Amino acid sequence: MKMSSIVRNSAKLVSPFLVTYGAYLVIHGHVSPGGGFQGGVILAVSVILLITSHGYTTVRTKFRLEMVRLIESTSIVLLIALGCMGVIGGSFFFNFLKGGTPGTLFSGGTVVLVNSIIGLEVGAAFTLLFYVLLRRAERA
Amino acid sequence: MLLVVLAALLLQLDYSREGNGSYAYYVSHPDEVGISNLVASVLADWRAYDTMGEAIVLFTAILGVYMALGRRDR
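This structure is a prediction, so every number in the text was calculated from the model and none was measured.

Criteria and thresholds
Residues numbered from 1 in each chain as written. Chains lettered and ligands numbered in written order. Predicted model: local features only at pLDDT ≥ 70, side-chain atom pairs only at ≥ 80, totals over all residues. Helix = DSSP H or I, 4+ residues; strand = E, 2+ residues; numbered from the N terminus. pLDDT = per-residue confidence, 0-100. Core = buried A, V, L, I, M, F, W, Y, C linked by C-beta atoms within 7 Å. Buried ≥ 20, exposed ≤ 12 C-beta atoms within 10 Å, placed from the backbone. Contact = placed C-beta atoms within 7 Å. Nonpolar A, V, L, I, M, F, W, Y, C, P; charged D, E, K, R; others polar. Expected span 1.5 Å × (residues − 1).

### Things to note about the overall build of chain B
Helix and strand content of chain B: five helices and zero strands. Listing the helices and strands of chain B from first to last along the sequence gives α-α-α-α-α.

Here is the structure:
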């Protein structure tokens, strides 16, 4: 299922900027409004926009379902491993990298890592949800 | 017996809190928080355990959808 060439070209034009904006929201989540969940949803939307304009069978060749599944499973393991690494500082999810002047990018410590992992998890989860539903819809 | 010991241990902990909630604590201890976004500080630092639970809930939901609908052959 393909849309017209205007829709396809504008979706191709907008999608990289959506990836950039989502990455900005995730990485700067502790100094400005944003965070892991919001940035992750925008990362997922950049793929879903390509799916709605180009069709699932075209997008599937670039963003493999196995890769999305791997990212989703790996990020949840990384999050639990990060929590266990906090044990060396005293407790579960202890912020052991804390430092720097407040307001700068490196002031968050593990907050940046938690936000990045949550962003990957949420983005991969929503993309995988659309993949699974669309794979079933196109088969029927 | 074990429950009584555990309860005695847990009651010994310090449950005192700031009078006006977390925002007053944030204003009065800016150096201890050190993160300029209060929402991100609560979500990913103080309550990171809760955030991990949310991520696991999402992972389990997607896992259920994948198990129910993601079969290749039918």
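### A word on the confidence of the model for chain B
Residue and element names in this part refer to chain B. Counting all residues, the mean pLDDT for chain B is 77, and 70% of those residues have values of 70 or more. Within chain B, helix H3 (residues 30–33) has the poorest average pLDDT of any element, 67, and helix H5 (residues 48–69) the best, 89. Model confidence for the complex is summarised by a pTM of 0.80, with the ipTM given as 0.82.

### As for the nonpolar core
Residues Val122, Ala125 and Leu128 of chain A together with Ala55 of chain B are the most contacted members of the largest nonpolar core, which totals 39 residues. Element by element, the count of residues in this core is highest for helix H5 (residues 110–139) of chain A, at 14 residues. Discounting residues that sit within four places of it in the chain, Leu128 of chain A has contacts with Val68, Arg69 and Glu72 of chain A together with Ile62 and Tyr66 of chain B.

### Looking at the interface of chain B and chain A
With 22 residues of chain B in contact, the opposing surface of chain A contributes 30 residues. Those elements that place two or more of their residues in the side of chain B that touches chain A are helix H4 (38–46) and H5 of chain B. No other element matches H5 of chain B, which puts twelve residues into the side of chain B that touches chain A. Split into classes, the residues belonging to the side of chain B that touches chain A amount to 15 nonpolar, six polar and one charged.

### Here we look at helix H1 (residues 5–27) of chain A
Residues and elements named next belong to chain A. Between its first and last C-alpha, H1 extends 34 Å over 23 residues, near the 33 Å set by a 1.5 Å rise per residue. Three or more residues of H1 are buried, namely Gly22, Leu25 and Val26. Elements in contact with the buried residues of H1: helix H2 (36–54) and H5.

### Some details on H5 of chain A
Each α-helix winds once per 3.6 residues, and so residues spaced three or four apart point in a common direction. Its 30 residues give H5 of chain A an end-to-end C-alpha distance of 43 Å, which sits within 8% of 44 Å, the value for a rise of 1.5 Å per residue. Of all 30 residues in H5 of chain A, 21 are buried, a share of seventy percent or more.

### A word on the environment of Val41 of chain A
All names here are of chain A. Of note, Val41 is situated in helix H2. Expressed as a C-alpha distance, the spacing of Val41 and Thr127, which sit 86 residues apart in the sequence, is 9.2 Å. Residues contacting Val41, with those up to four places away along its chain left out, are Val122 and Phe126.

### Some points on the environment of Phe63 of chain A
Residues and elements named next belong to chain A. Topologically, Phe63 is positioned in the loop between helix H3 (56–62) and helix H4 (65–85). Taking the number of C-beta atoms within 10 Å as the measure of exposure, Phe63 has 13 and is therefore partly exposed. Placed 30 residues apart in sequence, Phe63 and Phe93 show a C-alpha to C-alpha distance of 32 Å. With residues up to four places along the chain from it excluded, the contact list for Phe63 reads Val47 and Val68.

### Thoughts on the environment of Asn95 of chain A
Counting through the fold element by element, Asn95 of chain A comes out in the loop between H4 and H5. Here the alpha-carbon distance between Asn95 of chain A and Val45 of chain A, two residues 50 residues apart in the chain, equals 31 Å.

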